[in-house]
Amino acid sequence: MPLVVVPTPIGNLEDITLRALRVLTEADLVACEDTRRTGRLLAHHGIKRPLMAYHEHNEERLAPELAERAHAESVALVSDAGTPLVSDPGYRLVRACIEAGVAVEVLPGPSAAVTALVASGLPADEFVFLGFLPRKGRERGELLERVGREAATFVIYESPHRLAKTLAQLPPEAPVAVCRELTKLHEEVFRGTAAEAKVRYAEGVRGEIVLVVRGGAEAEEPGFEEVVERARRYVAEGESPSRAAARAAKESDRKRSEIYERLVSC
Ligand code: SAM
């Protein structure tokens, strides 16, 4: 018998496939994070099967036992929402099954990461899934630095309490999409720059969030007009045109003399 990995809805209860419902109906055992939550989902579809709690605190212990049972019984694996293993338990069980020679079948289905990536309007041909960022420390800093540097689309699971902090740590001009409560009644996708999103969510925010960021904003060279505009700002702040041009030239690849000429000509 295979282990069957079954994605479940991330909000809208209609987002479950016919195949997922059949597999759950026929399963000898459904391994799930929270038996009450999965029990409610199954009840909604008129399914009643034995449930076993399999979560981050017992997965190491239970994975070999479940893999053993999957030799003879059909075991379905679900998580609270979305696709198991994707920032959810399941990896150890899949590994244990592979090592025990038990086939692993994976059903395609909902995942907040892919739903947000597609809704973001940002390039989806090359993306990096970061899951939840570390809350603090060097690793967090290094990941955010990578987002500033690398020209790819980054998908991040974000807590509403940390959204503002993360937005503030991104390059202000980085294009972002804040995807909130996807597939639910109050679904919202905010598209703009990191700086705009920071203002939009300054008062706080609720619900489940995926933050999608187009990376590489730091690496992009500003155009000539942008550099001149920067020099104008320095003049407005009190610097002489000559010093402002020199400073803007230093911060870009442009020549001081070119910037200066444009600055004083208009
Ligand atoms: N395995 C799940 C999946 O495939 O989507 C993700 C599980 S992870 C523990 C939960 C996180 O996913 C949430 O904190 C949030 O960042 C994101 N998420 C889940 N459902 C969401 C939704 N409806 N809208 C936006 N983000 C969601």
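Criteria and cut-off values
Residues numbered from 1 in each chain as written. Predicted model: local features only at pLDDT ≥ 70, side-chain atom pairs only at ≥ 80, totals over all residues. Heavy atoms only, no water. Pairing = 2+ DSSP bridges. Helix = DSSP H or I, 4+ residues; strand = E, 2+ residues; numbered from the N terminus. Axes fitted to C-alpha atoms, helices over the stretch in contact; angles between N-to-C directions. Salt bridge = Lys/Arg side-chain N within 4 Å of Asp/Glu carboxyl O. Buried < 20%, exposed > 50% of the residue type's maximum accessible area, 1.4 Å probe, protein only.

Caption draft 1: Layout of the sheet that holds strand β5 (residues 104-106). The five strands lie next to each other as β3-β2-β4-β1-β5, forming an open sheet whose pairing is parallel. The open sheet has two edge strands, β3 (51-53) and β5, and neither has a second partner. Looking at each pair of strands side by side, their axes are set apart by 25° on average, direction ignored. Strand direction decides the pairing type here: strand β1 (residues 3-5) and β5, joined by three bridges, are parallel.

Caption draft 2: Quick look at the pattern of salt bridges. A complete count under the given rule lists 14 salt bridges for this structure. Its salt-bridge partner being E181, residue K184 comes within 3.3 Å of it at the nearest N-O pair. Judged by its relative accessible area of 16%, E181 is buried. In this structure, E188 and R200 form a salt bridge, with 2.4 Å as the shortest nitrogen-oxygen distance. Separated by twelve residues along the polypeptide, E188 in strand β9 (residues 188-193) and R200 in helix α8 (residues 194-200) bring together distant segments of the chain. Each of R180, E188 and R200 takes part in a single network of salt bridges with overlapping partners.

Limitation: the analysis is restricted to geometry and does not speak to function.
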